[in-house]
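# Summary of structural features
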Amino acid sequence: MSIPFTFPAPLDVFAGYQETLIGRPLSVDEKELTAAWLDIINQAKPKDIPFMDELIAKNSGDDDIIRFLTAVKAWMFIAAGNSYAQGRRDAQQVQA
């Protein structure tokens, strides 16, 4: 699977793709959260990925936060120049 845009991605395109992935419109809160994190995702470098691992580890026990941070990590991985498939595999390893 490939994504229909490149990074850095504009908010409307990225949020629209997120809505397609989840099959519903993002809520106002989800849009605000997406806007806040998209800047970080757009600027991601490979050296930034371990920071996400730290955030995930610090939030163990909160499944919603872990899922969100894992998704951010996968997008950062892709934005940093890695493949979509590798980003998903990496994210799935964190969830295991």
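Quick note: structure is the one above.
All values derive from a computational prediction rather than experimental measurement.

We now examine the overall build of the chain. In terms of helices and strands, the chain carries 5 helices and 0 strands. The helix and strand sequence of the chain, counted from the amino end, reads α-α-α-α-α. Per-residue burial for the chain yields a buried fraction of 35% across its 96 residues. Put simply, 51% of the contacts in the chain that link residues at least 6 apart link residues at least 24 apart.

Attention now goes to helix α1 (residues 11-22). In a regular helix each residue adds 1.5 Å, so 12 residues correspond to 16 Å; α1 covers 16 Å between its end C-alpha atoms and thus fits that length. Every buried residue of α1 is accounted for by Phe14, Ala15, Tyr17 and Gln18. Looking straight down α1, one finds its buried side chains confined to an arc of 160°; they lie on one side. Summarising the geometry of α1, the exposed residues directed more than 90 degrees from the buried face are Asp12 and Thr20. The elements touched by buried residues of α1 are α2 (28-42) and α4 (63-79).

With that settled, consider the packing of aromatic side chains. Geometry of an aromatic ring pair is reported as the spacing of the ring centres plus the angle between the planes. Going through the model one piece at a time under the given rule, you end up with 9 aromatic pairs. Site record: aromatic cluster; members linked through ring pairs are Phe5, Phe7, Phe14, Tyr17 and Trp75.

Conventions we followed
Residues numbered from 1 in each chain as written. Predicted model: local features only at pLDDT ≥ 70, side-chain atom pairs only at ≥ 80, totals over all residues. Heavy atoms only, no water. Helix = DSSP H or I, 4+ residues; strand = E, 2+ residues; numbered from the N terminus. Buried < 20%, exposed > 50% of the residue type's maximum accessible area, 1.4 Å probe, protein only. Contact = heavy atoms within 4.5 Å. Expected span 1.5 Å × (residues − 1). Arc of directions from axis to C-beta. Phe/Tyr/Trp six-rings, centres within 6.5 Å; stacked < 30°, edge-to-face > 60°.

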